Amino acid sequence: MTYNVSPIGFVRSCFKEKFAIPRQPQLAPAARGVLELVAPFDQGDAVQGLEQVSHVWLLFLFHQALEDKPRLKVRPPRLGGNKSMGVFATRATHRPNGIGQSVVKLERVEAGRLWLSGIDLLDGTPVLDIKPYVPYADIIGSATNSIASAAPDLIAVQWADTALLQARDHAVRLEEPLVELIEQCLAQDPRPAYQVPTAEREYGAQFWDLDVRWHYPEPGMIRVLEVVPAVK
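Residues numbered from 1 in each chain as written. Predicted model: local features only at pLDDT ≥ 70, side-chain atom pairs only at ≥ 80, totals over all residues. Heavy atoms only, no water.

Let us look at unusual backbone geometry. Put simply, Ala 39 and Pro 40 share a cis peptide bond, and its omega is 0°. Mapped onto the elements of the fold, Pro 40 is located in the loop between β2 (32-37) and α1 (44-47). For Ala 20, which is not glycine, the phi torsion reads 85° and is therefore positive. Within the secondary structure, Ala 20 sits in the loop between β1 (9-13) and β2. Classification of Ala 20 by relative accessible area gives buried; the value is 4%. Phi is positive for Gln 26, which is not a glycine, with a value near 75°. Its location among the elements puts Gln 26 in the loop between β1 and β2. (Helix = DSSP H or I, 4+ residues; strand = E, 2+ residues; numbered from the N terminus. Buried < 20%, exposed > 50% of the residue type's maximum accessible area, 1.4 Å probe, protein only.)

Take a look at the structure:
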């Protein structure tokens with residue numbers, strides 16, 4: 001038996017590529033985006049009452065990770081990418097139906113648009129449904145998960161002087177907390193855990209319309225090298 005679903009909207013996100021997106025929502029509060037609803041849900045009636053809600057669950061599609069053949073086992077980044085585990089024991093992007101879920105903060109509600117923060121969603125992500133977060137039902141104080149019992153350890157983030165000036169200038173232009181966004185995302189250490197980077201190797205990712213480049217001058221430390229307009 002099969003079912004057809006259609007997006008109720010698409011996310012316009014600060015994340016333009018998968019690399020450096022936090023692996024869970026809420027790890028980068030400065031990560032912002034807008035959920036743009038499509039007809040008929042772009043009418044004010046569809047979001048009436050959401051202004052009373054602080055957070056929402058988004059059900060969405062991993063649109064750049066859809067696969068024809070289901071995976072029974074995956075290699076989650078949390079385990080270093082070297083250990084396999086049953087797909088249903090993880091939140092890996094390789095889902096049987098490509099469906100993901102995230103709880104995000106609702107900053108503002110408009111007819112046809114929801115302004116979000118704390119997101120972990122790629123630009124263009126199709127959203128299938130929105131549900132209000134209900135604290136008394138969604139918080140389970142006795143819940144445990146020995147695979148991921150706590151947030152990952154953070155790595156120190158430093159700035160080259162010129163890169164920090166660049167980031168501050170672009171933050172004013174974008175009217176976004178760009179410095180905080182970069183620090184919060186890079187502190188998660190986006191590189192694959194099995195890689196041992198040399199000080200000479202540079203990494204890069206796109207945030208909003210900017211290319212951010214960094215390296216690892218020593219183990220356990222990131223240094224942001226530049227923040228420049230992305231090449232189109």
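Right, picking up where we left off after that structure.
The next point concerns the domain arrangement of the protein chain. Considered domain by domain, the protein chain is made up of domain 1 (9-138) and domain 2 (156-191 + 198-229). Each side of the interface is counted separately: domain 1 has 15 residues, and domain 2 has 17 residues. Counting the surface domain 1 buries against domain 2, the share from its top three residues, Phe 19, Ala 20 and Ala 30, is 35%. In this assembly, domain 1 and domain 2 are joined by one salt bridge. (Domains from an automatic or database assignment. Contact = heavy atoms within 4.5 Å. Buried area = accessible area lost by both parts, 1.4 Å probe. Salt bridge = Lys/Arg side-chain N within 4 Å of Asp/Glu carboxyl O.)

This part covers the packing of aromatic side chains. Following the criterion strictly, the structure yields seven aromatic pairs and no others. For the ring pair Phe 60 and Phe 62, a centre distance of 5.0 Å and an interplane angle of 75° mean the geometry is edge-to-face. Ring pairing ties together the aromatic residues Phe 19, Tyr 203, Trp 214 and Tyr 216, which thus form one cluster. Here the guanidinium or amino end of Arg 108 rests over the ring plane of Trp 115, the centre of that ring lying 4.2 Å away. The ring of Tyr 216 carries the charged tip of Arg 191 above its face, separated from the ring centre by 5.3 Å. (Phe/Tyr/Trp six-rings, centres within 6.5 Å; stacked < 30°, edge-to-face > 60°. Lys NZ or Arg CZ within 6 Å of the ring centre and 35° of its normal.)

Evaluated as defined, the whole model comprises nine salt bridges. Of the charged contacts in the structure, one is a salt bridge between Arg 191 and Asp 189, with a shortest N-O distance of 3.3 Å. Asp 189 shares its class with Arg 191; the two are buried. Linked by salt bridges that have partners in common, Arg 12, Glu 36 and Arg 113 make up one network.

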